[in-house]
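Coordinate analysis (summary)
Okay, here's what each chain looks like letter by letter:
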Amino acid sequence: MSKQQLQQTLFLPNDERLITMIPVSKMPRKTNLKKRSSLLCVVLNTVEIPVKVYIYHVKKSDRGDGFKKKMAWLLRDLRMLDGRSADKDTSEFDLHFEKTYKWSASSLEEKETFISSLWRLSHRFLIQKPEFVNIPQRLLEEIKDPHSLGEKAKSVDDISMEGEDYQALSGKEEADLELLMSECQVAISNAEAFTEQLSKQLSVLDGANIHSIMGSEDQVLNLMRLLDDGIREAEMIEDKLDTYDKMLANVKEQMEVMRDKDTLMTVRNTNHQRLLDELQNLVDHLDFDLKYTQALMDGDLTSPAGIVECTQAAQALHSCMNAQIHPSLQRTRAVEEQQKHFKKLAIHFSKRLSHHLNNLFIHQGNEIGETLSRYAGDLKMPQHNSIHKELVIYADLMLWLKNTDETSFHKLSAVYMSNLCKLYTREVMEFMESAKQKLVTTKETKGKHHGASTLSRLTGSTTSLTKIDHRGRSGSIQSVDSSSIKYGSDLDIAMRSVFDSVLEKVLSELERVCIAEQDFCFKFFHLIDKSSGVDDDQKKEKEASGEAASGDGDADVWVAKQTYSASEGQYITENLGEGLMQTRATVTLEMRQINDQVRSMMAELFPQLEQELDQFLTHADRQDGMYSMYMLVRMSQHVINNQDMGSFLGKTFGNCLIKVKRNFDRYVDVMMQSVRETKVSKKNRCGIISFVHNFEEFANLAENIFRGSDRHADLDKAYSKVVRIIFEQIMRVAQEHQKTPKEVVLMENFHRMYSVLSHLKNPCLENDRKEAKQRYTENLKAYTVNLLGRPLEKLHTFFEGVEARVATGVKPEEVGFQLAYSKQELRKVIKEYPGKEVKKNLEHLNKKVEKQLCEEENLIQVVWHEMQDVFIQQYKYYDELMRRCYPDSNITLEFTMQNVLQFFSDIAQAH
Amino acid sequence: MSSSTPSCFLLNTAMSKAKTQQPAVIHKVIMVGSGGVGKSALTLQFMYDEFVEDYEPTKADSYRKKVVLDGEEVQIDILDTAGQEDYAAIRDNYFRSGEGFLCVFSIKEQESFQATQDFREQILRVKNDENIPFLLVGNMVDLAEQRQVSVDEATKRAQEWKVSYVETSAKTRANVDKVFYDLMREIRSRKMEASRQNNGKQKKKKDSRKKKCVIL
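Quick summary incoming for the structure in this document. (Residues numbered from 1 in each chain as written. Chains lettered and ligands numbered in written order. Predicted model: local features only at pLDDT ≥ 70, side-chain atom pairs only at ≥ 80, totals over all residues. Heavy atoms only, no water.)

Here we look at the overall build of chain A
For the record, the criterion: Only DSSP runs of H or I reaching four residues or more are called helices, and only runs of E reaching two or more are called strands; each is numbered from the N terminus. Remark: exposure states derive from per-residue accessible area (1.4 Å probe, protein chains only) relative to the maximum for the residue type, with buried under 20%, exposed over 50%, and partly exposed in between. Here, residues are in contact when the closest pair of their heavy atoms is within 4.5 Å. For the accessible areas, the method is Shrake-Rupley and the probe is 1.4 Å, while residue cover comes only from the protein chains on display.
For chain A, the helix and strand inventory stands at 32 helices and 10 strands. Counting over 911 residues, chain A shows a buried share of 45%. For chain A, long-range pairs separated by at least 24 residues make up 71% of all intrachain contacts whose partners lie at least 6 apart in sequence. Taken as a whole, chain A presents about 50,000 Å² of accessible surface, with 53% of it coming from carbon and sulfur.

A look at unusual backbone geometry
Positioned with a positive phi, N134(A) is a non-glycine residue whose angle comes to about 55°. The exposure class assigned to N134(A) is partly exposed, which follows from its relative accessible area of 35%. Positioned with a positive phi, R173(B) is a non-glycine residue whose angle comes to about 70°. Residue placement: R173(B) occurs in the loop between β6 (164-167) and α6 (176-215).

Some details on the pattern of salt bridges
Selection rule: Salt-bridge detection follows one rule: a side-chain nitrogen of Lys or Arg within 4 Å of a carboxyl oxygen of Asp or Glu.
In total, this model carries 30 salt bridges over all chains according to the counting rule given. Ionic pairing is found between R232(A) and D229(A), a salt bridge with its closest N-O pair at 2.5 Å. Taken as a pair, R232(A) and D229(A) lie in helix α7 (residues 191-286) at a separation of 3 residues, close to a single helical turn. What makes D229(A) partly exposed here is its relative accessible area of 36%. Overlapping salt bridges bring together D70(B), K178(B), D182(B), R185(B) and R188(B) as one network.

What about the nonpolar core?
Our working definition: Among buried residues, those of type Ala, Val, Leu, Ile, Met, Phe, Trp, Tyr and Cys that are joined through side-chain atoms within 4.5 Å constitute a nonpolar core.
Counting 203 residues, the largest nonpolar core has Y416(A), F606(A), L613(A), M629(A), F695(A) and I726(A) as its most contacted members. Setting aside its immediate chain neighbours within four residues, L613(A) contacts M432(A), V506(A), L507(A), L510(A), M635(A), F653(A) and C656(A).

A short note on helix α21 (residues 609-623) of chain A
Spelled out, the test is: In this analysis, the expected span of each helix is defined as 1.5 Å times one less than the number of residues it contains.
Taking 1.5 Å of rise per residue, 15 residues should cover 21 Å, and α21(A) covers 21 Å from first to last C-alpha, within 8% of that figure. Every buried residue belonging to α21(A) is among L609(A), E612(A), L613(A), D614(A), F616(A), L617(A), A620(A), D621(A) and Q623(A), and all of these are buried.

Written out as structure tokens, the structure reads:
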């Protein structure tokens, strides 16, 4: 098969061009295979860009003469071509792609052709060329110079191509050619003439061309001249530019010099300005008005206007002395002198001020003392508002003093405290005394009012004695109550309400005075760092005092307090309600800032307060243990009002509250003791025991006192303790009592306790309530059953015996055969209870119940109802027992059910 | 009755409360009616302001409370009785002790309404008094949707008896105070009337009482 054929059939359809082909056979040759002709073709694919070179292995197809592409490689993938040997002639060669393929060409020439063709192609189209080894040098040298090689290769290619390919004229060429030929009619017929014509035309064109070239010479010259001109002009401009440049450089130098000078001037100006400012500042700071000096030297410290002046002066002085001056300036003589002057002024003024205030304090302490008696009649603490008002105008001066002269400030506070301490001690003492007096006088007047002798206690006892005389029956239930517990008589109630109001008055007065004083001290002695002032006053002070005392760590305390107070603030206002306290609510904001300093100051001012209050409380407690309940409630309320301030007062009240709580506990203990010691008269029926009554009264009163108090929990505890004891003691009394059956005592008293506890509706006492109810029910039953044995005693015993027999296993029908329970015996027993007898017994029973129960508890109907019920049940039971144990004997009781009911009705009618 | 309490305080030093503690006037009220109509519920609501949902049949129980009746402090004794009883005669005794009666039925139970007739008759027989203070009470008015006894029906009967008819709810406390206070007022006016009459013929009455005792 020829190369042409192969190209046509195999490669042209894919736009490929066959370059070289050699017949080859695969190595090692497989002999047993039918030898088929096999070709290696090198093919150029021009369609793909960049141009690719393929190597095809083409084999003759199984059927027919056609060839088939068996394998294809890209030349690019060829890593190495091994010619086996450069010297020895061999037709074998290896192609190393991914794999190595061994081939044998049909002849040496063909192998060399193939190799050189690959060599050329790879040099032309590949950047990374395959390695050619074991190949004779001459094959590769052929194309040493890549350039010529390219041309050569190309020409070789082209030649080889032209020789074998027909290339058609393009469409345009064809059209041009046709046009040309049609213009010349003879063209076809006479080629010679046509050629001639063409050459003629060509020569004409040539001539014209030369002509025009020559004609343009002038113009070229012209152009050249113009160009020369242009160059000259340009040179001139360049010269000028250079001149300008030089000039500019000159100017630049000058400008630089000027700039340096300018900078220098500015620096100097600023320095001057600064110096001036600094000086002005210094003068402003240290300038001290003459009138201020005058005020400080001998300003009037008694009149408000003078004080204001002095205050301003002092503040100015303070700000001058503490002006922010650069340390280096401090060393200048002027400043030093001025500072010295200030210091002198300050010392002088502080001396003057301390002296003045010292006198003022002492004077005021004494003066108030004289007017003290005026308050004695009314239960009121003396007002200190006027002193406070008088002193408070010095507050700013005090602040100044504190900041400038700490020692005299402390001395001054000491003087104030010692003076006022005396005053307050006296006042508190007198106040407490008058409060005590008030209690006694009320008691006395009330006592008189009641219409007996002067001593109230005596009055009470005599009245009750007379009353006892008047009351015939009451004597029958005499009981001994040795304790001093007493509830709710007219006198007592009145006295207690008086006590309550006196107590409230005492506490709120103390609270008022203490808080007023605390407020004052706080303001006057500036005990707190007010770095985050609340109101305008404080802000002013803050400005005046500048940095204030930031080092003493109060600020932290204050912040903590404030957050605390924010939550508490609302509670206070809402809780206090009353006028006095409400006005204070605004003050309290500041009051939160109490710290140890204030507290210790207050403690020094009121050294006796706690003791006096304690004495008062003890005194009251001694008068009446019941008061401890009032005290507990009132005190705890006041403690709550004050506790948030963490103040001296809060602490004092807190301590007292603890004592009051102890008093209350003691009161409860005494009450319990008295319950334990209660003796009940043996002669009369028991009825409701005195301590049960007492508990009811106590509960009513206590509920009144403790209503709404947060101390109710204490009361609850007391309740359950007392109730326990009462339950215990009811049982003791029931055991001891000779006249009244135990069950009656228990039944009546527990019924009453149940009722009392139901009224209280206290969840803490729910279990006790249930217990009371249960005991009441139990004893009601026990009493009924015990008593009911009586009316039909023999019958009862007989049937009990019968029942016992049956229970031990005797058949019911056979009981009658036992001697003791024969029909005979039964008849005998029954005979003893004719209807009349039964009725008499029932009437007797009814009377007995009436006699044993007290009317007060009103349980007669309940008990009697129960009795009737049980009696009927018994009757029915006997009846049934007889039917079971003595069948066919026709024995019945001598009274019918109808009789029984009639008896009941008759008894009812008898009342 | 009022005399027993103060004696317990005999030896207390400042005791003088006697009269104020124990009101002289006691009104005895009896609750009657069939079982489960709410006699105890009414009583407990009046006494302790509480309503007990659980039903537990009463046998008999006595309650006492101090109240202010038209400005006067009085004591009310309430005898709460059993509704379920096999023998009516058992009731005679406490009917006898009562000064006024609250005859309760349930408006959602016709039977309980019918039973009031028997109670009324027994009370009149035992007390032997046509004008005994008496109130017909229709309870459970909070359950009006289950009503079986109409207002007209009950009012008619009350008119026949010449007593008032009041509807109550022990659960909602509707009219609870009213029935007790109305009854106490009736009792009070009856007592005043009686004392006026008694002024003249006190002796006679004593005699008649004694005679009865002899018979028994």
